[in-house]
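# Observations on the three-dimensional arrangement
Chain by chain, the residues:
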Amino acid sequence: MKKLLAASFILLMTAGALAGCNTISGAGQDVQEGGKAVQDAAS
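Criteria and thresholds
- Residues numbered from 1 in each chain as written.
- Predicted model: local features only at pLDDT ≥ 70, side-chain atom pairs only at ≥ 80, totals over all residues.
- Heavy atoms only, no water.
- Helix = DSSP H or I, 4+ residues; strand = E, 2+ residues; numbered from the N terminus.
- Buried < 20%, exposed > 50% of the residue type's maximum accessible area, 1.4 Å probe, protein only.
- Areas by Shrake-Rupley, 256 points an atom, 1.4 Å probe, with all protein chains shown as cover.
- UniProt positions renumbered as here; feature names shortened; annotations may be inferred.

### A word on the overall build of the chain
From N to C terminus, the chain includes one helix and zero strands. Considering only C-alpha atoms, the chain reaches an extent of 65 × 5 × 5 Å along its principal axes. With 43 residues in all, the chain has 0% of them scored as buried. For the chain, the computed accessible surface area is about 4,000 Å², with 70% contributed by carbon and sulfur atoms.

### Here's the deal with the UniProt feature "signal peptide" (unreviewed entry) in the chain
The positions UniProt marks with the feature "signal peptide" (unreviewed entry) are residues 1-19. Across residues 1-19, helical content stands at 95% and strand content at 0%; the span's end C-alpha atoms are separated by 27 Å.

### Thoughts on the environment of G16
Mapped onto the fold, G16 is located in helix α1 (residues 2-42). Here the alpha-carbon distance between G16 and K2, two residues 14 residues apart in the chain, equals 21 Å.

In structure tokens:
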């Protein structure tokens, strides 16, 4: 029972970490696109 609980916990933590990476990656792309728009407006 303890092994099943530990495996479930590790699986949930891994899934959470992967979801967090995707979210941060998407936010970085949004910031990059916003920077390009500011550069284009300044030119």
